[in-house]
Amino acid sequence: MTTAIGEVAMGAAAACAGAAAWLTGGRDSQVRRARLLCAEGGALGAGRPPWEEARARVTRLRRHLTAEWWSLACGLVIAVMGASVLPLLAGAAGVPLLRRVRRAGERRREQERRGDAVIGLCAALAGEVRAGRQPGEALLRAAADAGGLGEAQAVVLAAARFGGDVPGALSAAAREPGAEGLSGLAACWRVAVDRGAGLASGLDRLGGALRAERDQRADLRSQLAGARSTAVMLAGLPVLGLLLGTALGADPLHVVLHTGPGLGCLLVGAVLEGAGLWWALRIVRGAEAG
């Protein structure tokens, strides 16, 4: 009987110890989970479903792996197929070039958004003035509602709110790419405030001119899109030829990457290809700038 009681007591003690260890471990895991959630911006006690976690990780991966890294990936694939390090080096060299192209495109899109914001500011300001508000109050409301101006918006708002030099602030903000229309807004402001001319009518004419210029620029870009795409397509024909030769079993990668004449042809072809693509795109950019 005493032995049975002792065994029961030992079992109860072991169960209590196991429960205490489980509770301690569970508490530690909860603390670690809470810390992770706080570190990633989550709320305490509120976990995210697995698919949202996967989506967040894919988003972070896309943010770090931009489009230019595909050049390195393609170079690695071709290097494995051709058993040569030259395609990998070419892919690595293409990363900064493609990054420069991507950043130029981002700057162009930001410039276009800023130009659209200036047009919207002119229309909103004209509407506020027609509603009977004073120019300073109207500019405060219109500039607060307008988005996409960047730092220029804060400068213009500060000048309008504290009675500063509004035309000077507009002229300074017009130095940013895409915000050149603010210089016309500054001229309309000077004429309206100093000479008492109609600000709304001047803003309407300014907005119409800016919209016409934007539409003309978009029409020109659409007309030049065919020439740009043709140049890029012609630049990709040698790669297509290599792929077709590989599909037919001719093994052109071995000839190009592992023989003297092939390396010479590859070097001369790469130089001519780069020069032709640069010249064609330069002509297109010159037409857009003109």
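Computed from a predicted model, the values in this text were never measured in an experiment. (Residues numbered from 1 in each chain as written. Predicted model: local features only at pLDDT ≥ 70, side-chain atom pairs only at ≥ 80, totals over all residues. Heavy atoms only, no water.)

Undergrad: Before we go on, may I ask you to explain helix α11 (residues 260–289) in this structure?
TA: Three- or four-residue spacings in an α-helix give side chains the same orientation, since the helix completes a turn every 3.6 residues. Between its first and last C-alpha, α11 extends 43 Å over 30 residues, near the 44 Å set by a 1.5 Å rise per residue. The N-terminus of α11 is capped by T259, whose side-chain oxygen sits 3.3 Å from the backbone nitrogen of G262. (Helix = DSSP H or I, 4+ residues; strand = E, 2+ residues; numbered from the N terminus. Expected span 1.5 Å × (residues − 1). Polar contact = N/O pair within 3.5 Å; in protein donor to acceptor, adjacent residues only side chain to side chain.)

Undergrad: Could you clarify how one ought to interpret the pattern of salt bridges in this entry?
TA: Think of it this way: side chains of opposite charge can pair up when their charged atoms draw near. Scanning the entire structure with this criterion turns up 15 salt bridges. A salt bridge links R130 to D204, with the shortest nitrogen-to-oxygen separation between them at 2.1 Å. Of the two residues, R130 sits in helix α4 (residues 86–130) while D204 sits in helix α9 (residues 199–247), which places them 74 residues apart along the sequence. Here R130 falls in the exposed class, since its relative accessible area comes to 54%. Linked through salt bridges whose partners overlap, the residues forming this network are E68, R99, R102 and E106. (Salt bridge = Lys/Arg side-chain N within 4 Å of Asp/Glu carboxyl O. Buried < 20%, exposed > 50% of the residue type's maximum accessible area, 1.4 Å probe, protein only.)

Undergrad: Would you mind going over the nonpolar core with me for this structure?
TA: Soluble globular proteins: nonpolar side chains tend toward being buried together. Within the largest apolar cluster, 31 residues are counted, with the highest numbers of intra-cluster contacts made by L121, L125, L139, L170, L182 and L185. Looking at this core, the elements with two or more residues in it are α4, α5 (135–145), α6 (151–161), α7 (166–173), α8 (181–195) and α9. Discounting chain neighbours no more than four positions away, the residues touching L139 are L125, A144, V156, A160, V166 and W189. (Core = buried A, V, L, I, M, F, W, Y, C linked by side-chain atoms within 4.5 Å. Contact = heavy atoms within 4.5 Å.)

Bear in mind that shape data such as this cannot, by itself, settle questions of function.
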